[in-house]
Amino acid sequence: MSRHTAALGPTSASERALAPDLARGFMLLFIALANTVWYLWAAPRGGATMHPEPGGALDAAAQFFTVMAVDMRSYPMFAFLFGYGMVQLATRQEAAGTAVREVNALLRRRNLWLIVFGFFHALLLWIGDVLGAYGLAGLLLGWLFFRRRDVTLLVWGAVLTALMALLAAFSLLALPFVDEAATGGQGGFDLSASAANIGDTSPLSAALERVAFWPLVSVGQGLLGLAVPAAILFGYWAARRRILEEPGRHLVLLRWAAVAGVTVGWLGGLPLALTQLGVWELSPTQGQMLTMPHMLTGLFCGVGYVALIALVAHRIQERGRAPGVVVTALGATGKRSLSSYLAQSVLCAPILAAWGLGLAAHMSSWTMFLYATGVWLVTVVAAHAMERAGRRGPAEALLRRLSYRGPTGAVGPSSGGGPAGDHQERTTP
């Protein structure tokens, strides 16, 4: 047995499936929209979400769309693609003759390094890091389920989903009986406290608070939240059937998943969105009891988004023409999704947080919506420039270099390949 894992070269552009890259590239916009809400540190909070009270029609429109279509909908989608990518990596390595034991070790190293990336991301920039959550989920689920039968993946994915549905049902049934006075008038959980460090003017104090909070985010979102583990298991199953690589063979499944998933997701997002706008008047405690139903429908919505973008990718490839500049740029962003995700924090935290320039103190929901969109566009332009220059994303290159180091510290040989990146086998935010 070789002493290090063979490192296949980056996959050429002709070998890559468009759907995963296009999905990652586009949905990074939703990641930016969801995360930048937390930077509104000077705005009063206290409701069921991290969104402040809307200050006008534009604020209300931005919040309505974000709560209904983005919040708790984008990270299950990336979790699905994360699990999908793990299977892609293993399949390609094993097809090249790498031993199963070495492939398993490679997956463990990638997930461990992803946790390390997440720690430094939290230390330096962002309290809501998800890299640690995905790395932790990848380690545990990879150990428990990666080599299990297809039916086992589906059964356990369904069990986790059913558990979420049970908790959601209990929350809804208990909603009319919640007495605000019984909670001491605290309005449930103080969501603003979890992001208080963004309003901290001391860089050192804010960094320490982020590091202290990071394990809770990693464990809570990666494991206890249930949506991420369920999405990863479904991603394992879908990758074994090459659903995103060969969408033409799975059109019926993709159409059903897209229509049902997005419909359930958007309808399931309406209650919390209406509560945020004051259309449905609930106390903060009652509003927060909508979180589990919102999370459950977000799982369906995330998978629905993947299916919808896979159908779009299939239609583009069916034309037989080269993708236009927009599709190419979005695909390039998806290939560099880890770098783009980290770049969002670089373009947000030092500029918006109180320990930096504090620009968010002068912003509201709709201006932050525009800022998030601008940040995403910057990463798309940068990724497209790297694609044209034949350069991989710096974070992807570093993760690959670290992950493919064997016990001797050597890096496996490259077999060549294109400039696009390492075969959609990256971990993604």
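Here the structure is a predicted model, which means the values were calculated and not measured.

### Considering the nonpolar core
One broad trend across soluble globular proteins is that nonpolar side chains are buried collectively. Counting residues in hydrophobic clusters, the biggest one holds 100 residues, and the most contacted among them are Tyr39, Tyr134 and Tyr236. Counting residues per element, this core draws most heavily on helix 12 (residues 291–318), which supplies 13 residues. One finds Val67, Val178, Met289 and Leu290 within the second-largest nonpolar core, a separate group that totals nine residues.

### Quick word on the environment of Val327
Locating Val327 in the fold gives a position in helix 13 (residues 325–335). Separated by 306 residues in sequence, Val327 and Asp21 have C-alpha atoms that sit 9.7 Å apart. Setting aside residues no more than four positions away along its own chain, Val327 makes contact with Leu18, Leu22 and Ile316.

### Quick notes on unusual backbone geometry
If you check the backbone angles, Met72 has positive phi at about 60° while not being a glycine. Here Met72 shows up in the loop between helix 2 (57–70) and helix 3 (74–95). Phi is positive for Leu226, close to 75°, though the residue is something other than glycine. By the element assignment, Leu226 lies in the loop between helix 8 (203–224) and helix 9 (227–240). On the basis of relative accessibility, which here comes to 10%, the residue Leu226 falls in the buried class.

### Comments concerning the confidence of the model for the chain
Averaged over all residues, the pLDDT of the chain is 87; the fraction at 70 or higher stands at 86%. With pLDDT under 50 throughout, residues 406–429 is counted as low confidence; its partners more than four residues away or in other chains account for 96 contacts.

Calculation rules
- Sequence order as written defines residue numbering, which begins from 1 separately in each chain.
- Since the coordinates come from a predicted model, pLDDT governs what is reported: local features require at least 70, and pairs of side-chain atoms require 80 or more to be given and counted, while whole-chain, interface and lining totals use all residues.
- Remark: hydrogens and water are excluded; side-chain values derive from all non-hydrogen atoms of the structure.
- Nine residue types can take part in a nonpolar core, namely buried Ala, Val, Leu, Ile, Met, Phe, Trp, Tyr and Cys, and a core is a set of them joined through side-chain atoms within 4.5 Å.
- Burial status follows relative accessibility: with a 1.4 Å probe on protein chains alone, a residue under 20% of its type maximum counts as buried, one over 50% as exposed, and anything between as partly exposed.
- Helix and strand definitions follow DSSP, with helices as H or I runs of at least four residues and strands as E runs of at least two, each counted in order from the N terminus.
- The contact criterion used throughout is that any non-hydrogen atoms of two residues lie within 4.5 Å.
- The predictor's confidence in any single residue is recorded as pLDDT, a number from 0 to 100.

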